[in-house]
Every structure is written in structure tokens, then in C-alpha cells.
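Spelled out from the first residue to the last, the chains are:
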Amino acid sequence: MAVVVIGLSHHTAPVTLRERFAFAEARVPEILQNLCSSGAADEAVILSTCNRVEIYAATSLDERNAFAKLQAFLASIHDYRDPLGDEIYTLGEPQSLHHLFKVAAGLDSMVLGETEILGQLKKAYDLSLQHSHTGAVLNKAFQKAFNVAKHLRTETNIQRGSVSVGSVAVELAEKIFNALDDRHVMVIGAGDTSEKTARALLSRGARSIIVSNRSHERAVALAQELGGRAVHFEEWAAEFEKIDIVISSTSAPHYVLDRAKLEPLMHRRRNRALLLIDIAVPRDIEPEVNFLENVYLYNIDDLQAIADDYLKQRKDEIARCEAIITEKAQALIGSRRPPAGITPSARPAFGHE
Amino acid sequence: MSIGSDKLNFIVAVILYGVSAIYSIFIFRKGFRHDNRINYCLLLGGFLFHTAALFQRGFSLNRCPIHNLYEATTFIGWTMVTAYLCLGLWSRLRFLGAFASPVLLAVGVFALMPGLDVKSETMVFSGGWLSLHVALFVLAYAAFGLSCVAGLMYLTQEHDLKFHKFRAVFSLMPPIQRLELVSGRLLVTGFILLTGGLIVSALFARQMNLRFAADPKIVWSIFVWALYLALIIMRWKFSQGGRRFAWGAVFGFLFVLLTFWGSSLLSPIHKPTP
């Protein structure tokens, strides 16, 4: 019995088509039941995320026959009657196992190396397992896929670092401060990115968040969401003494914080380290403040450059990951083959077989 | 110097530290992430020769070999490389070798300076006082050496963070605040040990009726003590932490390394006639 894959992903199909083929989680057990009873597959796992809809099946049918049946099943279950071309891909062994391993490791994801997909794949597999739609073949293939993903995460740089601006800001904070616990964070200007960055810092242990915005109501609302407190925009400098991290994203046409203003504030802070994240365009913080001792200023381009470097590094790791995947897939297929000299007919029969 | 003699083994160890220091430049360029295993092996090789040298010297004299400046210095270096090899068992800390090897090379070259390795039988100090005197100073300078290593790490990481280098987030280096803390604590520890060493020396010199204050080595030691005291006061009283403090820890130890030899040769107490 071989593992085959049929599906469509962000590489081959636009969202309008992917949403037509998406499976609601609640209906998956019933659909798996139909699929197995239709004879198209002996074992099956359905993976349905915003970027891909895939059926992983173990079947004793020959590949061509299996693909035809699976595609017909996919179209009929979604009542899709238009002709399908390259949007749907079909993969037989060993490509199907390669693909499964790549998906598990985030190598096939829109954001290269992301880890969310592994959780989604585990969930899809567990659902099928609970309803007894997996057997020896898919169990082994999926367990191997999870192992390979873990191996690639620890042995290569494919999942290392942050590829979003907010996460890079958190990493920087972790390279400056001994611990993020009890760090005081100030958000000046309540924008979307600054909110995300503040949330990321909170999730890593930062305790106090102070929000200051020209519209005080917006500041109060965001402070409530983040579990912090709001201060009036004119008063933010007064709070500066105990602040360690500043995220600034106002729409002010001029600098909100310049060297002349920060220098005396740094003396009052006894020169403690200060991380300034300026994600505003035009910039909120005068670049010269970076010349002050113990002040670390990063603007949106600096953060993006680090995120890009991480992404470049992940891309550089693809070849290494592919080589590991090929080796692991071959090992899996090899482990299924009977030892030399024993033909299937010569093997002793066990159980019901 | 015969083949396999303790001095030759030590020279081989210093050469290996030197190769490791050169290799560290490549590790530095790669962001302290790659090939640290090779560096670890180089330092392990150096450690083996270094240990052999210490044992040979110890067995030949039938005592712990820290009774002249060469022996004391090699012992400081050995303490540092042992500390690194233990920490390096954790792969995440193996990058520390890139900072330890230049310091080990400096300590090794210093130990090999002529005039330091003299027979100790003619030393004025002897017995328990001598051991305490030597132990306190050896530990003090080892602490200053490690503080210098932490200071170097701080300066590297601080520079990378200031200039937005990818290496700042990519490297395995601890946060700069922690490095500053470690460097500061080591420096204070070294200072306390140095103070203890000076007090022990003063008490014993008085007992022996030696002209304590006139000896160049003692004047030099008091100067080093004052230098580190100034660094500590600057940091805790005047908030001169961060980069300036790290430079202080690095230059302080460099000063010790560069002048220790000269001051010892000028001192009649510390430079006994062979």
C-alpha cells in the first residue's frame, strides 16, 4: 500500500478556489468515512487550512486509478463541476512522502519555515486517528513526518529567528535586557503594528504597558486591551524615567523624541539601557539619539532588514533540508520492503490476512 | 628544554590557543554560530598539553606548581581553560571559546616571558602564608581575566546592537545586561580577593620586617587595586556602566598583563636570584 496526496495550495490555486474546496472541521470525520467506504482510500487524513486543502491517503489501488477516484470524490463532495487543471496536484510515492515532510517542516508554507502548519497537521492526523481512519501506513508516515520536522528544527536554521517586524523587536529586547519580566513598555501612538509588538512583548513577560496617543480615548481603549494604563499625550515624557522599551508609531510630521529631549531623560534614568522601536513613517525619533550611550534605536527599515536576513538564511537552508527529507523518505519506503529473499507470497500470514 | 618537557608542552598548548584565537576570527565573522566544535577541540587539545605541563612540573617538584610567576600564570590560564571546557559541554555556551582563546593566548605568551620561571627555593615567603598570598592573587587575576572576557563579549554585542547587525539577534550571545552584570560581579570578586591578598602580604611583610611600601611590585599592586576601585566607584556611584565599564574591565586586565612582568622583575622580593 502506498501513500498518495491530492490537493491544492497557495502555490497552485487562488484563495477563491481554495475556499471552495475547504473542509469544515466538524464535517471531516463524516467525509473521511465516506472516502474510505467509497473505496478510493484505505486510510486517509484531510488537511484543510487557509493555505492548503489536501487529502493524504494510503491505497492499494494503482496510482492513476487512485488519483481519478480521489479527484472525483473531491469534486463531488464540494459539488464542483468546472474543469480542473493544474490547480490540483497529485503525488505518488516517493514525492507524496517528500511533500508530507516538507509540509510538516513548513518548507511548503507561504512564510517559509513557519511552525503553525505542524500543529495543524498534527490536529488533522489526530482527528483521523480518533475516528480510526488511519492504519499502519499513514501512522508510520505521519509519525515520521513529525520526527523529520523536529529534526530539521533542531539541526538546521530553517525555523530559526523571526520573519515579522514585531517578533524581531521582541528578539532585540531579549538581546538587550537580562529578562523581559517587569520591563516597562511605552506605546506612543496606537497603531496596528505597535499593538502587535506590545502584545508580543507581553507574551514574553513584559509587565507594565503605558499607552499614549493623541486621541486619549483610543489610548484608553488600547491600554484596556493590553492590560496597561493610558497617559495623556502631553505627559508621556514624565513617565519616561522608568521606561525600558518604547514603541513609537504616531502620525506626527515631526520628531516626537529628539536627542535634546532624550539626553536629560537618560541622566534621570541613570543611563539604564533603552530600546527605542520607531515604526512610524515619517519617523518619530531623531536618528541621532542612537549615538547616546545605552540607547538602541531601530526604525522600521532596520527591523525589516533583520527579518529579511532571517528569511534569506531560511532560504539558504532549503537545499540542506531537502537532502535530509529525501534521505528520510527513502528510509521510510525502505523500511516497508520485505527483507531480500522473502517475497510477499512467501511471508507467513498473520491475523486476518 | 628537552622533548616532552613541561615547558615544551606548555608552548604547544599556547600555540594551540593561538590557532584557536585565529580561528575565532572566522567564528566571529559568522556570528558565533558555526564550527564552534572545532574551536572547542583546539582548546581541548591546548588544555591536555597544558595539564600535562602542570603535572610534569608538579611531579618534578613534589608540590603544587604555583610558586613562581610562570607557574602562577600558567595556573591562572589553566583555571580559565578548564572553566571554559566545562561550560562548553553545553553546546549553546561553546561560542565562549571565541572570547576565551585570545585571553588564553595573552596569558600564555605572558607566562613565557623570560625571567618569570625561576627556582622558588630562594623565595622570601614560605609555608602557609605564601600559599594564601599566591592563592588570593591567582584567583583575583583569574577573576579579572574572566571579567575581561565578559567585557569583550559585551563590547562585541553592544557594537552589533548599535549598528543594527543581523549578528546581534542571530548570535547565541547572552543579553548585554547579563554580560554587564557578570563582568561587574567578577570584577568585584577579583577586587575583594586582591584586597585580601594585599592585606595578607602586608601582615606577613611586617612580620618579616620587610620594607613593604618601597617594593615596586607592591606599589604596582596597590596601583592595580586603586584602578579597579576607581572602576567600581565609577560604575556604582556615577552610573558609568555599559560600554565604558566594559572597556575598563578589558583595559584593566590588559594593563595587568602588560606590566605584571616588568614590575616583578623590578621587585627584589618577587625576583629572587636563581
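Residues numbered from 1 in each chain as written. Chains lettered and ligands numbered in written order. Predicted model: local features only at pLDDT ≥ 70, side-chain atom pairs only at ≥ 80, totals over all residues.

Student: I would appreciate a short explanation of the overall build of chain A in the present structure.
Tutor: Along its length, chain A carries twelve helices and ten strands. Its C-alpha atoms give chain A a radius of gyration of 27 Å, clearly above 20 Å, the size a compact globule of 353 residues would have. Projected onto its principal axes, the C-alpha positions of chain A cover 85 × 45 × 35 Å. Counting over 353 residues, chain A shows a buried share of 41%. Once local pairs closer than 6 in sequence are excluded, the contacts in chain A between residues at least 24 apart make up 71%. (Helix = DSSP H or I, 4+ residues; strand = E, 2+ residues; numbered from the N terminus. Rg over C-alpha atoms; globule rule 2.2 N^0.38 Å. Buried ≥ 20, exposed ≤ 12 C-beta atoms within 10 Å, placed from the backbone. Contact = placed C-beta atoms within 7 Å.)

Student: Would you mind going over the overall build of chain B with me for this structure?
Tutor: The helix and strand tally for chain B stands at nine helices and zero strands. For chain B, the sequential pattern of α-helices and β-strands runs α-α-α-α-α-α-α-α-α. Counting only residues that meet the buried cut, chain B has 48% of its 274 residues in that class. Counted over contacts in chain B with a minimum sequence separation of 6, partners at least 24 positions apart contribute 79%.

Student: What exactly am I supposed to notice about the sheet that holds strand β10 (residues 295-299) of chain A here?
Tutor: Residues and elements named next belong to chain A. The strand order β7-β6-β5-β8-β9-β10 describes an open sheet built from six strands, whose pairing is parallel. Among the strands making up the open sheet, the edge pair consists of β7 (229-232) and β10. Adjacent strand axes in the sheet meet at a mean angle of 20 degrees when their direction is disregarded. (Pairing = 2+ DSSP bridges. Axes fitted to C-alpha atoms, helices over the stretch in contact; angles between N-to-C directions.)

Student: Help me out: how do you make sense of helix α11 (residues 300-316) of chain A in this one?
Tutor: For α11(A), with 17 residues, the first-to-last C-alpha span of 24 Å sits near the 24 Å given by 1.5 Å per residue. Taken together, the buried positions of α11(A) are occupied by Leu303(A), Ile306(A), Ala307(A), Tyr310(A) and Arg314(A). All buried residues of α11(A) fall inside an arc of 95 degrees around its axis, so they share one side. Within α11(A), the exposed residues directed more than 90 degrees away from the buried face are Lys312(A), Lys315(A) and Asp316(A). For α11(A), the elements touching its buried residues are α7 (165-176) and β10 of chain A together with α6 (167-170) of chain B. (Expected span 1.5 Å × (residues − 1). Arc of directions from axis to C-beta.)

Student: When you look at the domain arrangement of chain A in this model, what are you seeing that I'm missing?
Tutor: Think of interface size as the accessible area that goes away when the parts come together; that is how it is often given. For chain A, the assigned domains read domain 1 (2-158 + 317-346) and domain 2 (165-307). When each unit is reduced to the centre of its C-alpha atoms, the spacing between domain 1 of chain A and domain 2 of chain A is 44 Å. (Domains from an automatic or database assignment.)

Student: Explanation requested: the pairing of strand β9 (residues 274-278) of chain A in the structure shown.
Tutor: Sheet faces and side chains relate simply in a regular strand, where the side chains alternate between the two faces. All names here are of chain A. Counting buried residues along β9, five of its five residues qualify, which places the element largely inside the surrounding structure. Burial of the side chains of β9 extends over both faces: Leu274, Leu276 and Asp278 are buried on one face and Leu275 and Ile277 on the other. Note that strand β8 (residues 245-248) and β9 share four bridges and pair parallel. What sits directly across from Ser248, in β9, is Asp278. In this region the chain leaves β8, passes through helix α10 (residues 259-268) and returns to the parallel neighbour β9; the handedness of that crossover is right-handed. The pairing of β9 with β10 spans five bridges and is classified as parallel. Paired with Asp278 across the bridge in β10 is Asn299. (Right-handed = clockwise from strand over helix to strand, strands pointing away.)

Student: What am I meant to see in the pairing of strand β2 (residues 43-48) of chain A here?
Tutor: All names here are of chain A. With respect to burial, β2 is a largely interior element, six of its six residues being buried. Of the two faces of β2, the one lined by Glu43, Val45 and Leu47 and the one lined by Ala44, Ile46 and Ser48 are each fully buried. Here β2 hands over to strand β3 (residues 52-59) after three residues, the two strands then running antiparallel side by side.

Student: Even after reading the chapter, I still don't get unusual backbone geometry, so can you show me in this structure?
Tutor: Comment: phi is negative for the bulk of residues other than glycine, and the bulk of peptide bonds are trans. All names here are of chain A. The amide bond that connects Glu93 to the next residue, Pro94, takes the cis arrangement and shows omega of 5 degrees. Going from Val281 to Pro282, the amide bond is cis rather than trans, its omega being 0 degrees. By secondary structure assignment, the location of Pro282 is in the loop between β9 and β10. Backbone geometry at Arg270 places phi at a positive 55 degrees, although glycine is not the residue there. Its place among the elements puts Arg270 in the loop between α10 and β9.

Student: Even after reading the chapter, I still don't get the packing of helix α2 (residues 36-61) of chain B against helix α3 (residues 69-87) of chain B, so can you show me in this structure?
Tutor: Helix packing for two helices is described by the angle between their axes and how far apart those axes are. Residue and element names in this part refer to chain B. Where α2 meets α3, the closest approach of the two axes is 10 Å, and the angle between their N-to-C directions is 140 degrees. As far as their axial angle goes, α3 and α2 are oblique. Seen along the crossing, α2 lies across α3 with a hand that is left-handed. Taken together, the residues of α3 that come into contact with α2 (itself represented by Leu43, Leu44, Gly46, Phe47, His50, Thr51, Ala53, Leu54 and Arg57) are Glu71, Thr74, Gly77, Trp78, Val81, Thr82, Tyr84 and Leu85. Of the residues assigned to the contact of α2 with α3, the class counts are nine nonpolar, six polar and two charged. (Parallel < 35°, antiparallel > 145°, perpendicular 65-115°, else oblique. Left-handed = near helix turned anticlockwise from the far one by under 90°. Nonpolar A, V, L, I, M, F, W, Y, C, P; charged D, E, K, R; others polar.)

Student: Hey, could you run me through the domain arrangement of chain B in this one?
Tutor: All names here are of chain B. When its domains are assigned, chain B resolves into domain 1 (1-117) and domain 2 (119-274). Opposite the 23 residues of domain 1 that make contact, domain 2 presents 22 residues. Elements with a contribution of two residues or more to the side of domain 1 that touches domain 2: α3 and α4 (97-111). Tallied by class, residues from the side of domain 1 that touches domain 2 come to 16 nonpolar, five polar and two charged.

Student: Just to check I follow, could you spell out the nonpolar core for this structure?
Tutor: Nonpolar side chains in soluble globular proteins tend to be buried together. Membership of the largest hydrophobic core comes to 128 residues, with the highest contact counts inside it found for Ala173(A) and Val211(A). Among the elements that take part in this core, helix α5 (residues 127-162) of chain B stands out by supplying 17 residues, more than any other. When sequence neighbours within four positions are dropped, the list of residues in contact with Ala173(A) reads Leu180(A), Leu201(A), Ile245(A) and Leu275(A). Of all hydrophobic cores here, the second largest spans 51 residues; its members include Val5(A), Leu35(A), Tyr56(A) and Leu97(A). (Core = buried A, V, L, I, M, F, W, Y, C linked by C-beta atoms within 7 Å.)

Student: Even after reading the chapter, I still don't get the sheet that holds strand β1 (residues 2-9) of chain A, so can you show me in this structure?
Tutor: The strands that make up a sheet are held in pairs by hydrogen bonds between backbone atoms, and each pair lies either parallel or antiparallel. All names here are of chain A. With antiparallel pairing, four strands are arranged side by side in an open sheet as β2-β3-β1-β4. Only two strands of the sheet have a single neighbouring strand rather than two, namely β2 and β4 (89-91). Neighbour-to-neighbour, the strand axes of the sheet open up by a mean angle of 15 degrees, direction not taken into account. Contacts from helix α4 (residues 95-104) reach β1, β3 and β4 within the one sheet, and its direction differs from that of β1 by about 55 degrees.

Student: So what exactly am I meant to see when it comes to the interface of chain A and chain B here?
Tutor: Facing 20 residues of chain A, the contacting portion of chain B comprises 16 residues. Listing elements by their share of the side of chain A that touches chain B, those giving two or more residues are α7, β10 and α11 of chain A. Per element, the largest residue contribution to the side of chain A that touches chain B is six residues, and it comes from α7(A). A per-class count over the side of chain A that touches chain B returns eight nonpolar, five polar and seven charged.

Student: Quick question: what am I supposed to make of helix α1 (residues 6-29) of chain B here?
Tutor: Note that an α-helix has 3.6 residues per turn; residues three or four places apart therefore point the same way. All names here are of chain B. Between its first and last C-alpha atoms α1 spans 35 Å; for 24 residues at 1.5 Å apiece the expected length is 34 Å, and the two agree. Listing the buried residues of α1 in full gives Asp6, Asn9, Phe10, Ala13, Val14, Leu16, Tyr17, Ser20, Ala21, Ser24 and Ile27. Close packing links the buried residues of α1 with α2, α3 and α4.

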